[in-house]
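Read off the chains here:
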Amino acid sequence: MNVTHLECANCDVRYEAGKLHNLCTACGKPLLVQYDLEAASRTMTKESLRLREPSLWRYREVLPVVDDENIVSLGEGMTPLLKVDRLASTLSVKIDLYIKDESTNPTQSFKARGMTAAVSMANELGVTKTAAPSAGNAAGALAAYAARAGMEAHLFMPVDTPRANVVECEQNGAFVTLVDGLITDCGRIVADLKDAEGWFDVSTLKEPYRVEGKKTMGYELAEQFDWTLPDVILYPTGGGTGLIGMWKAFDEMEQMGLIGPERPRMVTVQAAGCAPIVKAFESGERFAEEFPNAHTSASGLRVPKAIGDFLILDAIRESGGTAVAVPDMQLIAAVREIGSAEGMFCAPEGAACLPALKKLIADGVVNEGEKVVIFNTGAGVKYLECFES
Ligand SMILES: *Cc1c(COP(=O)(O)O)cnc(C)c1O
Ligand SMILES: [Zn+2]
């Protein structure tokens, strides 16, 4: 509702709403959806939200679908925001630590948020065949939402994608191809085949609505914290869609009068074996170079080149945040640390935030008394290979 138009995040060229779009045809960068926030704020108020369904579609006024009938939902969003005192007590300074547990989403990861929005829009605009490259969880989510919408899903994943992701896609009726390469290679295959096959490319940020679904994490955080934001957010970053989305959500909320001008420091967490954003952040670049020989068992972080790199880097810098790389050994060990302290079996991507947080505390970047949120983006049970031996 309330979409006025789409706008290139890089060159500001405008595009009409209500049509299928991928990247900006002028510069090849992502398009972002713009809303009439004045209109949205009339009905989406702190009071009206209290009575709404516990799904991300509660933020209906700032989500893109026009007709409710076109929404394809499996009950995603409004995930628990859990205070984790037992885990916090193991840290060297006293902070207010929370985990936003995205593993409770349909298909067990926050990719469901993006896909409910993207598939709903594709549904509204008449798409019948979708395709996407994926590190695993995006494929699982697309397979589910496409099945629910009666669409085809053509999925391309690296051969060493966690087995759970491959099996769930197959069992949800998708067409699965395993590729001897990285997610960027899978993306090239989709780009090469899509026109001949009549597929709509749902690659993150090459499609403008997944980020709209993921931005709801920002709305939920604010609502769950009674319309305040934490001091620091640690976000395991692959394509960066969630971080970009939350940053956009904060602006929208301020314009709607729901929050003030304060912002959390946004921290990108990556695996040391694939840390293009960390590298670009440290060297002061606005665009990140493709990371060579990308490898990590946190498959969602194995994105050597992100099309939204400049949007991630802009948000980190504007927020006064930073970027941290974590070695695989540490991020896998952190799964057990969080699990045994709090009973959350996290995805290694989410767990990576804990060693990153410890580093920030040791470096004096996160200080006593601060309110910190870690995003656990998926479920550990999908990564059994990581815990063998
Ligand atoms: C995809 C994924 C990520 C990275 O998300 P982006 O928004 O693309 O940066 C992190 N964790 C898990 C579990 C994922 O599936
Ligand atoms: Zn452009």
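Scroll up to find the structure.
Parameters and conventions
Residues numbered from 1 in each chain as written. Chains lettered and ligands numbered in written order. Predicted model: local features only at pLDDT ≥ 70, side-chain atom pairs only at ≥ 80, totals over all residues. Heavy atoms only, no water. Helix = DSSP H or I, 4+ residues; strand = E, 2+ residues; numbered from the N terminus. Rg over C-alpha atoms; globule rule 2.2 N^0.38 Å. Buried < 20%, exposed > 50% of the residue type's maximum accessible area, 1.4 Å probe, protein only. Pairing = 2+ DSSP bridges. 1 Å grid on protein atoms, 1.4 Å probe; cavity = no way out; pocket = protein on both sides within 12 Å on 5 of 7 lines; lining within 4 Å. Points joined across faces, edges and corners; volume = space filled by probe spheres on them. Nonpolar A, V, L, I, M, F, W, Y, C, P; charged D, E, K, R; others polar. Near = heavy atom within 4 Å. Polar contact = N/O pair within 3.5 Å; in protein donor to acceptor, adjacent residues only side chain to side chain. Areas by Shrake-Rupley, 256 points an atom, 1.4 Å probe, with all protein chains shown as cover. Sits in = over half its atoms within 2 Å of the grid points. Contact = heavy atoms within 4.5 Å. Axes fitted to C-alpha atoms, helices over the stretch in contact; angles between N-to-C directions. Donors = N, O, S within 2.8 Å, 3.2 Å for Na, K, Ca; no water. Tetrahedral: all angles 85-135°; square planar, octahedral: opposite > 155°, others 65-115°. Phe/Tyr/Trp six-rings, centres within 6.5 Å; stacked < 30°, edge-to-face > 60°. Lys NZ or Arg CZ within 6 Å of the ring centre and 35° of its normal.

Within the chain, the regular secondary structure consists of 15 helices and 13 strands. Relative to the globule expectation of 21 Å for 389 residues, the C-alpha radius of gyration of the chain, 19 Å, shows essentially globular dimensions. Each of the three principal axes of the chain carries a C-alpha extent, and together these read 55 × 50 × 40 Å. Looking at the chain residue by residue over its 389 residues, the buried ones come to 58%.

Our focus in this paragraph is the sheet that holds strand S3 (residues 31-35). Pairing is antiparallel in the open sheet, where three strands are placed in the order S2-S1-S3. Each edge of the open sheet is held by one strand with a lone partner, namely strand S2 (14-15) and S3. Two strands pair when backbone bridges link them, and strand S1 (residues 3-8) and S3 are joined in this way by five bridges, in the antiparallel orientation. Residue pairing across strands places His5 opposite Gln34, the latter belonging to S3.

Right, let's get into the layout of surface pockets. Of the pockets and cavities examined, the largest pocket occupies roughly 660 Å³. Counting residues per element, the ones that place at least two in the lining of the largest pocket are helix H5 (137-149), helix H7 (183-197), helix H8 (210-214) and strand S10 (232-236). No other element matches H7, which puts four residues into the lining of the largest pocket. Estimated volume of the second largest pocket: approximately 470 Å³. Around the second largest pocket, the lining comprises 19 residues; the ones closest to its centre are Leu32, Gln34, Trp247, Lys248 and Asp251. Where the lining of the second largest pocket is concerned, the elements lending two or more residues are S1, S3, helix H10 (241-255) and helix H12 (309-319). At six residues, the largest contribution of residues to the lining of the second largest pocket is made by H10. Here the lining of the second largest pocket is composed, by residue class, of ten nonpolar, two polar and seven charged.

Taken together, 16 residues lie around ligand 1, and Lys111, Tyr235, Gly238, Gly240 and Thr377 are the ones closest in. Between an oxygen atom of ligand 1 and a side-chain N or O atom of Tyr235, the distance comes to 2.5 Å. A distance of 3.1 Å is found between an oxygen atom of ligand 1 and a backbone nitrogen or oxygen belonging to Gly242. Considered on its own, ligand 1 offers 380 Å² of accessible surface; in the complex 96% of this is hidden by protein. More than half of the atoms of ligand 1 fall within 2 Å of the grid points belonging to the largest pocket. Listed by contribution, the elements that provide at least two residues to the shell around ligand 1 are S10 and H10. Here the shell around ligand 1 is composed, by residue class, of four nonpolar, nine polar and three charged.

Secondary-structure assignment places Lys215 in the loop between H8 and helix H9 (216-224). We classify Lys215 as buried; its relative accessible area is 0%. Ignoring anything within four residues of it in the chain, the contact list for Lys215 reads Tyr35, Val62, Leu63, Gly245, Met246, Lys248, Ala249 and Glu252.

Moving on, we get to the sheet that holds strand S7 (residues 152-158). Two orientations exist for strands paired in a sheet by backbone hydrogen bonds: parallel and antiparallel. Here four strands make up an open sheet; going across it, the order is S8-S7-S6-S9 and the pairing parallel. The strands lining the two open edges of the sheet, one partner per strand, are strand S8 (175-179) and strand S9 (200-201). Summarising the sheet, strand S6 (residues 129-133) and S9 pair through two bridges and their orientation is parallel. Across the sheet, the residue bridging to Thr130 is Phe200, located in S9. Strand contacts of H5: S6 and S7, with the helix running at about 170° to S7, the strand carrying the most contacts.

The subject of this paragraph is the coordination of the zinc ion (ligand 2). The coordination sphere of the zinc ion (ligand 2), as far as protein atoms go, consists of Cys8 (SG), Cys11 (SG), Cys24 (SG) and Cys27 (SG), spread over 2.3 Å. One can describe the donor arrangement at the zinc ion (ligand 2) as tetrahedral, given that its four donor atoms subtend angles of 98 to 117° at the metal. In primary sequence terms, the donor set of the zinc ion (ligand 2) follows C-x2-C-x12-C-x2-C. Of this pair, Cys8 sits in strand S1 while Cys24 sits in the loop between S2 and S3; the two residues are 16 residues apart in sequence, bridging distant segments of the chain. In this structure Cys24 comes out as buried when scored by relative accessible area, which is 3%.

Let's shift gears to the packing of aromatic side chains. Within this structure, the stated rule accounts for eight aromatic pairs. Between Tyr235 and Phe375, the ring centres sit 6.1 Å apart and the planes meet at 65°, which makes this aromatic pair edge-to-face. In this pair, Tyr235 is assigned in strand S10 and Phe375 in strand S13 (residues 371-376), connecting sequence segments 140 residues apart. Taken together through their ring pairs, the aromatic side chains of Phe110, Tyr235 and Phe375 make up a single cluster. Above the ring of Phe110, the side-chain terminus of Lys214 is found at 3.8 Å from the ring centroid.

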